[in-house]
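# Residue-level structural notes
Take a look at the letters that make up each chain.
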Amino acid sequence: MTTMTSRYAFAAGACLALGILFFFCYNQYIIFNFSKGFAKENKHLQLLKKKTSLATLHYWINNKWHKENSTVLVSEDAADMSKQLISQLLDIFDQEKIIDKQITLQHVISMGVGHLLVSFDRNPLSKNKNSYEKLMLIESILKTIRENNIKISDITFCAHYKPLNDAELDFSNPWPIYGFTDTL
């Protein structure tokens, strides 16, 4: 009997120890790291490094087009590249006083092949601007994306994920990337 009780005691003790070990691992009091060393981590860091590329930002001010050179992180995702370009363009709009209030970009989402949804935190089109100035602000975004060879066909402009509300310009449908000003 003593050998049988000692076996049960050993099994119970082993199960208790494994249960405690499992509890500590599950609650992350104990973390096991099975990495294969620094060489693997260094290779992983090399993959995370991004390449930069030159980009040209186009904007309309004082009745003519202006260009500004910039750099962006290279990405295969059209939404990511567009987000970088539009964010930089919004900074220029703010610096050049093209927009009345500071606008930030909420999201740029790819909505299928060649279609983007661009959502701002507020409407970038001021009520005290004429329709031509509003059109050229939108055309600045379209031209910047088009001239930097981002492969999209149209953009839906939104404020808080709802189409922009404007008395002169219609944002209920997506805007084609080639825009509506072919002479400029």
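Structure shown above.
Notes on the structure follow. Quick caveat, the model's predicted, so the values are computed rather than measured. (Residues numbered from 1 in each chain as written. Predicted model: local features only at pLDDT ≥ 70, side-chain atom pairs only at ≥ 80, totals over all residues. Heavy atoms only, no water.)

### Quick notes on the overall build of the protein
Rule in force here: Numbering of helices and strands starts at the N terminus; helices are DSSP runs of H or I of at least 4 residues and strands are runs of E of at least 2. Residue exposure (1.4 Å probe, protein chains only): buried if accessible area is under 20% of the type maximum, exposed if over 50%, otherwise partly exposed. Only the protein chains shown count as covering a residue, and every accessible area follows the Shrake-Rupley method with a 1.4 Å probe.
A count of helical and extended segments in the protein gives four helices and seven strands. Ordered by position from N to C terminus, the α and β elements of the protein give α-α-β-β-α-β-β-α-β-β-β. Scored against the burial criterion, the 184 residues of the protein give a buried share of 34%. As presented, the protein carries roughly 12500 Å² of accessible surface, and 56% of it is formed by carbon and sulfur atoms.

### Considerations on the packing of aromatic side chains
Spelled out, the test is: Whether two aromatic rings pair depends on their centres lying within 6.5 Å, for rings of Phe, Tyr and Trp, where Trp uses its six-membered ring; planes under 30 degrees apart make the pair stacked, over 60 edge-to-face, and the rest tilted. In our convention, an over-ring charge means Lys NZ or Arg CZ found within 6 Å of a ring centre and within 35 degrees of that ring's normal.
Enumeration according to the criterion identifies seven aromatic pairs in this entry. Between Trp60 and Trp65 the ring centres are 5.3 Å apart and the planes differ by 75°, which places this aromatic pair in the edge-to-face class. In this structure Trp60 comes out as buried when scored by relative accessible area, which is 13%. Chaining the aromatic ring pairs together yields one cluster made of Trp60, Trp65 and Tyr132. Here Lys143 stacks its cationic end above the ring of Trp65, 4.4 Å away from the centre of that ring.

### Focus: unusual backbone geometry
Residues other than glycine seldom take positive phi values, yet Asn63 does so here, at roughly 60°. Relative to the helices and strands, Asn63 resides in the loop between β1 (52-61) and β2 (64-73). Residues other than glycine seldom take positive phi values, yet Asn149 does so here, at roughly 55°. Along the chain, the position of Asn149 falls in the loop between α4 (131-147) and β5 (154-159). Using a relative accessible area of 58% as the deciding quantity, one classes Asn149 as exposed.

### Quick word on the nonpolar core
To keep it simple, the criterion reads: The term nonpolar core refers to a set of buried residues drawn from Ala, Val, Leu, Ile, Met, Phe, Trp, Tyr and Cys, joined through side-chain atoms within 4.5 Å. It only takes one pair of heavy atoms within 4.5 Å for two residues to be counted as in contact.
Within the largest apolar cluster, 38 residues are counted, with the highest numbers of intra-cluster contacts made by Phe93, Phe120, Ile155 and Phe157. Not counting the four nearest positions on each side in its chain, Phe120 is found in contact with Ile86, Leu90, Ile103, Thr104, Leu105, Gln106, Ile141, Phe157, Cys158, Ala159 and His160.

### Focus on the side chain of His58
Residue position: His58 is located in strand β1. Given the relative accessible area of 5%, His58 is considered buried. With residues up to four places along the chain from it excluded, the contact list for His58 reads Trp65, His66, Lys67, Leu89, Ser140, Lys143, Thr144 and Glu147.

### Let's talk about the environment of Ile61
With respect to the element layout, Ile61 can be found in strand β1. Ignoring sequence-local partners within four residues, the contact set of Ile61 consists of His66, Glu96 and Ile98.

### Some words on helix α1 (residues 2-26)
To be explicit about the condition: An expected span of 1.5 Å times one less than the residue number is assigned to each helix.
With 25 residues, α1 should reach 36 Å at 1.5 Å per residue; the first-to-last C-alpha distance of 35 Å fits that figure. Downstream of α1 by one or two residues, Gln28 has phi in the positive range, about 60°.

### Focus: helix α3 (residues 78-95)
If you check α3, its first and last C-alpha atoms are 26 Å apart, about what 18 residues at 1.5 Å a residue would give, namely 26 Å. Looking at α3, one finds that the buried residues are Ala79, Met81, Ser82, Gln84, Leu85, Ile86, Leu89, Leu90, Ile92 and Phe93. At its buried positions, α3 is contacted by β1, β2, β3 (105-110), β4 (115-120) and α4. Lys97 lies just past α3 and shows a positive phi near 60°.

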